Amino acid sequence: MAIVVIRQDDRIDLWKNALQNADTSVKVYSYLEEHPKEEISMAVIWKHPKGSLADYPNLKCIASAGAGVDYIFEDDTRPKNIPITRIVDPYLASDMSEHVLAVILAHLKNLNIYKLDQVSHVWEPKQYMRIKDVTIGILGLGELGALTASDLSSFNFNVQGWSRSKKDIEGVQTFAGAEEQKEFLNATNILVCLLPLTPATEGILNKELLSQLPKNAFVINVARGGHMVDDDLIALLDSGHLSGACLDVYHTEPLPKSHPFWNHKKVHMTPHYASVSDTNSVIPQIIENYKRLSSGEKLQNLVDSDKGY
Ligand code: NDP
Ligand code: OXD
């Protein structure tokens, strides 16, 4: 049994070394080096090249190095009947919560607009908003959404959240399912998307949904680019229905230079870095699952393949 790390970014050696150092008795390979493919039982992956998982005849587990697993389901050549695990980690959740708080405060206090004004040497005081006067609506109340919601509530924001099944989170008004979505949207001034990308949520941030937000609502997408219908967002920003958007995720990453988001004054962007798996924090759960795989025990942080998250 052995682990292969498959990812196409510059963190592949960091991940390989962190796994190796966490347990020197485990054999860990980078997919870029010569390695015995039939020995590999676990693939620790992040945005792997499509088709690469099919190279391992004895693969028993696909471990996503992040919380999202949409990119795994997009690969039709993946082995279908083995478990998929994902990252559930306190820092991944608290980093996301901190990011969302920072974006919201920057919006309330016009910091992004002032930065643009500074670049153009413009002195123009603007009305700011108060925490008590805005309602934050969070789409998705899972590991990240639930913590973000309760943290925002502890800062005295009015917070509500929407998910597939009903949740009970102190200080947060919760809504569930299609039938409660309209009420949730109608009362949301700042919408935060923390849904997984699945066939049911793809394109959910479209004209129909975003139009149900009150005028001047602000949209934060920190989930996946595939949730957003980019042209619908731009149309609602241009018509004045939405006051702005802050995006961390995009259909294509890095965002192509020609994309209209780059030059849109109401769009604020970060480069898919709201919250990143910290190897120090997350490697132990992967090694634990590797041991469980070896001894035939139930794995932690399993993905439900029927739901796709
Ligand atoms: P979870 O799986 O823990 O939570 C997902 C939530 O979305 C659940 O509350 C679930 O409802 C809800 N949901 C799923 N499908 C639907 C639907 N069709 N209708 C309504 N609600 C739905 O995910 P995490 O919180 O761990 O992560 C969320 C996403 O955040 C990830 O999938 C990833 O795409 C993104 N992410 C982005 C990062 C970044 O840096 N930008 C970093 C990490 C993650 P229920 O509870 O009822 O099942
Ligand atoms: C994740 C991400 O899903 O970084 O973990 O987007």
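Residues numbered from 1 in each chain as written. Chains lettered and ligands numbered in written order. Predicted model: local features only at pLDDT ≥ 70, side-chain atom pairs only at ≥ 80, totals over all residues. Heavy atoms only, no water.

Before going further, it helps to examine the side chain of Asp23. Within the secondary structure layout, Asp23 lies in the loop between helix H1 (12–22) and strand E2 (28–30). Classification of Asp23 by relative accessible area gives buried; the value is 13%. For Asp23, the contacting residues outside a window of four places in its chain are Ile287 and Lys291. (Helix = DSSP H or I, 4+ residues; strand = E, 2+ residues; numbered from the N terminus. Buried < 20%, exposed > 50% of the residue type's maximum accessible area, 1.4 Å probe, protein only. Contact = heavy atoms within 4.5 Å.)

Turning to the site of ligand 1, a few remarks are in order. In the vicinity of ligand 1, 28 residues are found, and the nearest of them are Arg86, Leu144, Ser165, Lys167 and Tyr309. At 2.5 Å from an oxygen atom of ligand 1 is found a side-chain nitrogen or oxygen belonging to Ser165. Protein contact buries 92% of the 940 Å² of open area that ligand 1 shows by itself. The class makeup of the residues in the shell around ligand 1 is 14 nonpolar, eight polar and six charged. (Near = heavy atom within 4 Å. Polar contact = N/O pair within 3.5 Å; in protein donor to acceptor, adjacent residues only side chain to side chain. Areas by Shrake-Rupley, 256 points an atom, 1.4 Å probe, with all protein chains shown as cover. Nonpolar A, V, L, I, M, F, W, Y, C, P; charged D, E, K, R; others polar.)

The local shell around ligand 2 consists of Trp46, Gly66, Ala67, Gly68, Arg224, His272 and Ser275. One of the backbone nitrogen or oxygen atoms of Gly68 is found 2.7 Å away from an oxygen atom of ligand 2. The side chain of His272 places a nitrogen or oxygen atom 2.6 Å from an oxygen atom of ligand 2. Classifying every residue of the shell around ligand 2 by side-chain character gives two nonpolar, four polar and one charged.

Moving on, we come to helix H3 (residues 90–108). Between its terminal C-alpha atoms H3 stretches 27 Å, which fits the 27 Å expected from 19 residues at 1.5 Å a residue. By the burial criterion, the buried members of H3 are Leu92, Ala93, Met96, Ser97, His99, Val100, Leu101, Val103, Ile104, Ala106, His107 and Leu108. The distance from a side-chain oxygen at the start of H3 to the backbone nitrogen of Tyr91 is 3.1 Å, and the residue carrying that oxygen is Asp89. One or two positions beyond H3, positive phi appears at Asn110, with a value near 60°. (Expected span 1.5 Å × (residues − 1).)

Taking burial as the measure, the seven residues of strand E3 (residues 40–46) include seven buried ones, the bulk of the element. Note that strand E1 (residues 2–7) and E3 share six bridges and pair parallel. Within E3, the position partnered with Ala2 by the bridge is Ile40. Across four bridges, the pairing between E3 and strand E4 (residues 61–64) is parallel. When the sheet's bridge partners are listed, Met42 is paired in E4 with Cys61. (Pairing = 2+ DSSP bridges.)

Reading across from one edge, E2-E1-E3-E4-E5 is the order of the five strands in this open sheet, with parallel pairing throughout. At either end of the open sheet lies a strand with only one pairing partner, and these are E2 and strand E5 (84–85). In the packing of H1 onto the sheet, the strands contacted are E1, E2 and E3, and the crossing angle to E1 comes to about 160°. (Axes fitted to C-alpha atoms, helices over the stretch in contact; angles between N-to-C directions.)

The next point concerns the packing of H3 against helix H5 (residues 143–154). It is at 8 Å that the axes of H3 and H5 come closest, and there the two elements cross at 50°. When the axis of H3 is compared with that of H5, the two are oblique. Between H3 and H5 the crossing geometry is right-handed. Contacts between H3 and H5 involve Leu92, Ala93, Ser94, Met96, Ser97, Val100, Leu101 and Ile104 from the first element and Glu143, Leu144, Leu147, Thr148, Asp151 and Leu152 from the second. Class assignment for the residues of the contact of H3 with H5 results in nine nonpolar, three polar and two charged. (Parallel < 35°, antiparallel > 145°, perpendicular 65-115°, else oblique. Left-handed = near helix turned anticlockwise from the far one by under 90°.)

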